[in-house]
Amino acid sequence: MIFIKNLADIKEILNESELINKFKSRTINPMEAYGQILLIAMPAFFVLVLFEKFWGIWKGNDTVPLNDMIASLSSGITNVTKDVLGLSIAVISYGWLFEKFSFLQIEATWLVYVIAFFALDFAGYWTHRIAHEYNIFWNNHIVHHSSEEFNLACALRQSISSIVKIFAIFLIPAAILGVPPQVIAVVAPLHLFAQFWYHTRHIGKMGFLEKIIVTPSHHRVHHAINPEYLDKNYGQIFIFWDKWFGTYQEEKDEIPAVYGVTRPVQTWNPIKINFMHLWLLIKDAWRAEKWSDKLKIWFMPLGWRPADVAKKYPVSKIEDVYHFDKYNPFLTKGMLIWSFAQLITLLLLLSYLFGNLAAIGAPGIFYYGGFVFLTVYAYTELMDRNPNAWAWEALKMVYAMYFVVTSGDWFGLNKFLPGSVYIFVGYLVVSALFSVWFSLRKENLQFGNPSIPLK
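Here the structure is a predicted model, which is why all the values come from computation and not from measurement. (Residues numbered from 1 in each chain as written. Predicted model: local features only at pLDDT ≥ 70, side-chain atom pairs only at ≥ 80, totals over all residues. Heavy atoms only, no water.)

Visitor: Can you walk me through helix α11 (residues 216-223) in this structure?
Guide: Helical geometry: 3.6 residues make up each α-helical turn, so side chains three or four residues apart lie on a common side. Here α11 lies mainly inside the structure; eight of its eight residues are buried. Burial in α11 covers these residues: P216, S217, H218, H219, R220, V221, H222 and H223. On the buried face of α11, the contacting elements are α6 (110-133) and α8 (142-145). (Buried < 20%, exposed > 50% of the residue type's maximum accessible area, 1.4 Å probe, protein only. Helix = DSSP H or I, 4+ residues; strand = E, 2+ residues; numbered from the N terminus. Contact = heavy atoms within 4.5 Å.)

Visitor: What's the story with the nonpolar core in this structure? I'm lost.
Guide: Nonpolar side chains in soluble globular proteins tend to end up buried together. Residues Y368, W410 and F424 are the most contacted members of the largest nonpolar core, which totals 58 residues. Every element with two or more residues in this core is listed here: α3 (30-59), α4 (66-84), α16 (333-355), α17 (357-360), α18 (364-383), α19 (389-407) and α21 (420-440). The biggest single contributor to this core is α16, with 11 residues. Look past the residues within four positions of Y368 in its chain and what remains in contact with it is L349, Y352, L353, I360, W410 and F411. Of all hydrophobic cores here, the second largest spans 16 residues; its members include V112, A168, L171 and V187. (Core = buried A, V, L, I, M, F, W, Y, C linked by side-chain atoms within 4.5 Å.)

Visitor: Which parts of the structure should I look at to understand the packing of helix α13 (residues 270-287) against α18?
Guide: Two quantities define a packed helix pair, namely the angle between the axes and the distance from one axis to the other. With their axes 8 Å apart at the nearest point, α13 and α18 run at an angle of 95° to one another. Taken as axis vectors, α13 and α18 run roughly perpendicular relative to one another. Contact residues: α13 offers P270, I271 and K272, while α18 offers F373, V376, Y377, T380 and E381. Of the residues contributing to the contact of α13 with α18, the split by class is five nonpolar, one polar and two charged. (Axes fitted to C-alpha atoms, helices over the stretch in contact; angles between N-to-C directions. Parallel < 35°, antiparallel > 145°, perpendicular 65-115°, else oblique. Nonpolar A, V, L, I, M, F, W, Y, C, P; charged D, E, K, R; others polar.)

Visitor: Where do I start with the packing of α4 against α16 in this structure?
Guide: Direction vectors running N to C along α4 and α16 enclose 20°, while the axes themselves pass 10 Å from each other. Viewed along their axes, α4 and α16 adopt a mutual orientation that is roughly parallel. In this structure, α4 crosses over α16, and the sense of that crossing is left-handed. Across the interface between the two elements, L66, N67, M69, I70, L73, S74, I77, V80, T81 and V84 from α4 touch L336, S339, F340, L343, L346, L347, L350 and F354 from α16. Residue classes in the contact of α4 with α16 are distributed as 14 nonpolar, four polar and no charged. (Left-handed = near helix turned anticlockwise from the far one by under 90°.)

Visitor: Could you clarify how one ought to interpret the side chain of E149 in this entry?
Guide: Within the secondary structure, E149 sits in the loop between α8 and β2 (164-165). A polar contact of 2.9 Å, which involves the side chain of E149, links it to the side chain of R201. (Polar contact = N/O pair within 3.5 Å; in protein donor to acceptor, adjacent residues only side chain to side chain.)

Spelled out as structure tokens, the structure:
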């Protein structure tokens, strides 16, 4: 039996643990480590999202429509898949900054971890603010604001389009102070996960904490499109950055928050949402008559468009935030249940990927990632009532069957669980048949009352 008396004992135990020894011997790379973390984080977030829904039903205030929840969780799936597979490029890394700019060599004490947390939050404030203020960066953030609801699920709407990252640039002060890269690596996931809880309408104002940390009240303001609330409260953990830099706005009872984006995305498909603003910028730059407009559109304030283009090619925009129809294509109960079943199936398949990254190896993990993206695209197109959604489902089936036929397995799944490849093939066939059925049923190609969210 081990008795833990202080932090030094915990550190000694961790140093002797099998997991730490694997890290020291580099038998676990960062990709695998992140995958292992997500194997715990994903079910935890999913349970909390479901808890919020059932809590809302119990209280008579369900803020988590099922269609919106499926879309949000699907967006989270695409984001974590992209991150685990390392599909991004950092303009500059913190390790390089530390090597070039650090004037001090300090030990990783608890105080250093606290400093790192504040440094990350300072960097987070500015990258968040820049994403809201300049056209070119909004594309990386639009998906997070695309839900016309506000709930824990929408916290998981995270970008897959942020291929190039500038976050580390704002960590130069931490590098100068000598905060070790390994400290940043530990604190960064904690800082990220700590931003989940305040995406809810079920927690009111929190007294004195409103002056220190970002609360649900503060973040409701941030997600709102009311003129009084627009582009406020960029803080991620601490709210005082907003108060210091002039972007703070208190939530007011007489101004109920309305959520979404002023140019509604009008789709449940997170992959489309991730690139729609970029596509608009590309089209506007191409159509602009002046070369100066073609160049400056990228760096102008969010929403700016060349005058000639805006006149000739108007874009739908919400003028009155209190009177507009929420996006809500009609879905039968059967189709909602089927979409939810697709989500659960994909979460199980994704868990297998994250737990077996080393065994699958490259390029297999990237082929697997392609299947994940195809699956999300196919069933969210079906949720959008796209009559051609069946074609995406067919493409998914052909894509997956190619690997099954050529290898006799699905990336080692049958070795992991004997007989599972037959279940997987059965799923592909059933999924394709259901997709054709739902796509071609004409009575479903209509819209319900968009102003009433489906529960």
